[in-house]
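Here is what each chain is made of, one letter per residue.
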Amino acid sequence: MFNEPELWDKSREGRCGISMPRSDVPRTDLDPALTGDAPELPQLSELDVVRHFVRLSQWNFSIDAGMYPLGSCTMKYNPKTNEVQAARKGFAAAHPLAGDEFSQGALKLMYELEQLLGEITGFPAVTLQPAAGAHGELTGMLMIHAWHAKQGKQRSKILIPDTAHGTNPASATLCGYQSVNIKSGPDGILEPATVAEAMDEDTAGIMITNPNTLGLFEENIKEVCDIVHAKGGLVYGDGANMNAVMGIIKPGELGIDVLHLNLHKTFSTPHGGGGPGSGPVAVVEELIPFLPVPRVEKENDAYSFITDCPDTIGRMHTFYGHFSVMVKAFAYILSMGGDGLTRASQLAVLNANYIKESLKTTLDLPYDRPCMHECVFTDKTVQEYHISTMDMAKRLLDYGFHPPTVYFPLVVDAAFMVEPTETESKDDIDQFIEAVKAIVKEAASDPDKLKSAPYLPKVTRLDEVTAARKPCLKG
Ligand SMILES: *Cc1c(COP(=O)(O)O)cnc(C)c1O
């Protein structure tokens, strides 16, 4: 299955992938001075080409082929109806320069999606412009920056817990803020006293990932928000992991001021292959004037883009963001319904806790308490055999599973971070658990074998440094 030659090697003189009707006009050769030499292309039939690319696609792991428990990434199954809706001609062929009058359907969809996301998160307004999660963070932080400027005094620092996503300090830095690391407590969550100690009037606010990257709910979130607000700061919520809490809590009601979502995680758009994604940002009333333009407005039954917002941070994307992703998220939300979304969160949390409980005597579990949508183990139980998280992750490929996220979050040594998502059946999750147990057994019985895994995929154990520095993209 993996032995696929290059198209050049499959080329056969005279083979052709298309049939043209016989010409009924006299043949005239083009002037070679104008056209240059004919391009050299492989000569192949349609079937040769189809098989070539389908076979190549099977070299990659995909959610449609198997369980993909990559922590913090929410690689859940994406219902195909979302693709069908996004491919409808009116959506797929919509032109960004067509003007409001000829784009009423697209504008209505955007307006209604903003309303739905506002309802899910508990905020009065949303922008759909950012292209992904980290871009949403930048958008939100620019709004916080603009809000402080409007208050008359700019601040220089941002508090960032050690359990925040790695993109958080990067986004704060891009805005010119200096990030201040806040240590989480022994339970893996933020302690109000630590925040109170660090929060001062030169600090613009805090960026909180909730649930955090340990898969834990920040139980002191309300208190932390109060502390930051009391010193004139704002609270940024990283809601990329909303799939654990949608329908259960509304971040807007907890004291958070700005929140981004990842449509390509929680709202079921395929991702992991480089995009496109979408990272809408929801805000409280006070921050609405700073939202990016253009904004979608509804008057009577007509929709239009407005740009006349004096305090706006400006444009964050060409045109209006990634429209096809918005269509997929809209289709997903409508087909799930409110109860369906709540149920999805419940199952995501149930599945992660099931894995946590099933594996906590096999692997080391540094925070043994109820988790949200993901759980974090380490390689402590196999270290005595000189086996690491990386070895276990690689071996999982031989069992047909995508490895979990490894060595992240950084607060845990050699993290092995599993996010099953709500779309996996108990049968598949049980198979995953059995695979991990078999690997841990093998660590004791045949560690050398484990160290050279995987054996079955097209690409086996890579020299990771060379692979990163001198990538060979030929296969
Ligand atoms: C995935 C993720 C991000 C970044 O989202 P991108 O779309 O990859 O930019 C930010 N925060 C958290 C918690 C995430 O899980």
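Residues numbered from 1 in each chain as written. Predicted model: local features only at pLDDT ≥ 70, side-chain atom pairs only at ≥ 80, totals over all residues. Heavy atoms only, no water.

> Summarise the UniProt feature "domain: Glycine dehydrogenase C-terminal" (unreviewed entry) in the chain; cite the residues concerned and give the values.
Per the UniProt record, the feature "domain: Glycine dehydrogenase C-terminal" (unreviewed entry) sits at residues 344-444. Secondary structure content for residues 344-444 is 45% helix and 8% strand, while the C-alpha to C-alpha distance between its ends is 38 Å. (UniProt positions renumbered as here; feature names shortened; annotations may be inferred. Helix = DSSP H or I, 4+ residues; strand = E, 2+ residues; numbered from the N terminus.)

> Tell me about the sheet that holds strand E11 (residues 405-406), residues and numbers included.
Within the open sheet, the three strands sit side by side as E10-E12-E11. Their pairing is antiparallel. In this open sheet, the two edge strands, each paired with only one partner strand, are strand E10 (375-377) and E11. Here E10 pairs with strand E12 (residues 416-418) via three bridges, running antiparallel. Counted as the bridge partner of Cys375 is Val418 from E12. Along the sheet, helix H11 (residues 323-359) makes contact with E10 and E12, crossing E10 at roughly 25°. Lying on the sheet, helix H12 (residues 389-398) is in contact with E11 and E12; it crosses E12 at an angle near 40°. (Pairing = 2+ DSSP bridges. Contact = heavy atoms within 4.5 Å. Axes fitted to C-alpha atoms, helices over the stretch in contact; angles between N-to-C directions.)

> So, the pairing of strand E2 (residues 157-161): which residues are in play, and what are the values?
It is a general feature of regular strands that their side chains alternate between the two faces of the sheet. Within E2, five of the five residues are buried, leaving the element largely enclosed by the surrounding structure. Because side chains alternate across E2, one face comprises the buried residues Lys157, Leu159 and Pro161, and the other comprises Ile158 and Ile160, equally buried. Relative to strand E3 (residues 178-182), E2 is paired through five bridges, and the arrangement is parallel. Residue pairing in the sheet places Ile160 in a bridge with Asn181 of E3. At this point the chain moves from E2, through helix H8 (residues 167-174), to the parallel E3, and the crossover so formed is right-handed. As judged from the three bridges shared by E2 and strand E4 (residues 203-209), these two strands associate in the parallel manner. Across the sheet, the residue bridging to Ile158 is Gly205, located in E4. (Buried < 20%, exposed > 50% of the residue type's maximum accessible area, 1.4 Å probe, protein only. Right-handed = clockwise from strand over helix to strand, strands pointing away.)

> Just give me the short version of the domain arrangement of the chain, but keep the residues and values in it.
Here the chain is described as being made up of domain 1 (81-335) and domain 2 (338-465). Of note, the centres of domain 1 and domain 2, computed from C-alpha atoms alone, are 30 Å apart. Carbon and sulfur atoms supply 62% of the area buried between domain 1 and domain 2, which totals about 1,900 Å² over both sides. Where domain 1 packs against domain 2, one counts one salt bridge. Applying the counting criterion to the domain 1 and domain 2 interface returns six residue pairs in polar contact (both at pLDDT 80 or more). Grouping the constituent residues of the side of domain 1 that touches domain 2 by class yields 14 nonpolar, 11 polar and three charged. (Domains from an automatic or database assignment. Buried area = accessible area lost by both parts, 1.4 Å probe. Salt bridge = Lys/Arg side-chain N within 4 Å of Asp/Glu carboxyl O. Polar contact = N/O pair within 3.5 Å; in protein donor to acceptor, adjacent residues only side chain to side chain. Nonpolar A, V, L, I, M, F, W, Y, C, P; charged D, E, K, R; others polar.)

> Tell me about the site of the ligand, residues and numbers included.
By nearness alone, 14 residues border the ligand, and Gly133, Ala134, Asp238, His264 and Lys265 come closest of all. Between Gly133 and the ligand, the recorded distance is 2.8 Å, taken from a backbone N or O atom to an oxygen atom. The contact in question runs from an oxygen atom of the ligand to an N or O atom on the backbone of Ala134, over 2.8 Å. Here the ligand loses 85% of its free accessible area of 380 Å² to cover by the protein chains. In terms of residue count, helix H7 (residues 133-151) provides more of the shell around the ligand than any other element does, three residues in total. (Near = heavy atom within 4 Å. Areas by Shrake-Rupley, 256 points an atom, 1.4 Å probe, with all protein chains shown as cover.)

> Any details on the packing of H7 against H8? Residues and values, ideally.
Two elements in contact, H7 and H8, have axes whose closest approach is 9 Å; the angle formed by their N-to-C orientations is 40°. The pairing of H7 with H8 is recorded here as oblique in orientation. The way H7 lies across H8 gives a crossing that is right-handed. Contacts from Ala134, Glu137 and Leu138 in H7 reach Thr167, Asn168, Ser171 and Leu174 in H8. Residues belonging to the contact of H7 with H8 are distributed by class as follows: three nonpolar, three polar and one charged. (Parallel < 35°, antiparallel > 145°, perpendicular 65-115°, else oblique. Left-handed = near helix turned anticlockwise from the far one by under 90°.)

> An account of the pattern of salt bridges is needed here, citing residue identities and associated values.
In total, this model carries 19 salt bridges according to the counting rule given. The closest approach of N and O atoms between Arg27 and Asp29, which form a salt bridge, is 3.5 Å. Of the residues examined, Arg27 reaches a relative accessible area of 75% and is grouped as exposed. In the salt-bridge network here, residues are joined through shared partners; they are Lys356, Glu357, Lys360 and Asp368.

> Any chance you could break down the UniProt feature "domain: Glycine cleavage system P-protein N-terminal" (unreviewed entry) in the chain for me, citing the residues and the numbers?
Look at the UniProt record and you will see "domain: Glycine cleavage system P-protein N-terminal" (unreviewed entry) annotated at residues 100-291. Across residues 100-291 one finds 32% helix and 16% strand; the C-alpha atoms that close the span lie 20 Å apart.

> So what about H12? Which residues, and what values?
Where burial is concerned, most of H12 is hidden: eight out of the 10 residues are buried. Listed as buried for H12 are Thr389, Asp391, Met392, Ala393, Lys394, Arg395, Leu396 and Asp398. Elements in contact with the buried residues of H12: E11, E12, helix H13 (426-445), helix H14 (447-451) and helix H15 (464-469).

> Residues and numbers for the state of the cysteines, please.
The final tally for this structure, using the stated rule, is zero disulfides. The thiol of Cys309 is not disulfide-bonded; the next cysteine sulfur, from Cys175, is found 19 Å away. (Disulfide = S-S within 2.5 Å.)

> Explain the nonpolar core to me, using residue names and the numbers behind them.
Counting 76 residues, the largest nonpolar core has Leu113, Leu117, Val195, Ile206, Phe267 and Val283 as the members making the most contacts within it. If one sorts the elements of this core by residue count, H11 sits on top with 11 residues. A domain-level breakdown of this core finds at least three residues from each of domain 1 (81-335) and domain 2 (338-465). If sequence neighbours within four positions are ignored, Phe267 has contacts with Leu117, Ile120, Met246, Leu261, Asn262, Lys328, Ala329, Tyr332 and Ile333. (Core = buried A, V, L, I, M, F, W, Y, C linked by side-chain atoms within 4.5 Å.)

> Could you give me a rundown of the side chain of Asp257, with the residues and numbers involved?
With respect to the helices and strands, Asp257 occurs in the loop between strand E5 (234-238) and strand E6 (258-260). Of the side chains bearing the opposite charge, Arg155 lies closest to the buried Asp257, which forms no salt bridge; the N-O distance is 11 Å. Here His229 takes part through its side chain, which lies 2.7 Å from a polar atom of the side chain of Asp257. Reaching out from Asp257, the side chain makes a polar contact with the backbone nitrogen of Val235 at a distance of 2.7 Å. Once residues within four sequence positions are removed from consideration, Asp257 is found in contact with Phe123, His229, Leu234, Val235, Ala282, Val283, Val284 and Leu287. (Lys, Arg positive; Asp, Glu negative; His and termini not counted.)

> Go over the environment of Asp37, please, and point to the residues and values.
On the secondary structure map, Asp37 appears in the loop between helix H2 (32-35) and helix H3 (46-57). Here Asp37 falls in the exposed class, since its relative accessible area comes to 76%. Separated by 75 residues in the primary sequence, Asp37 and Glu112 have C-alpha atoms spaced 54 Å apart.

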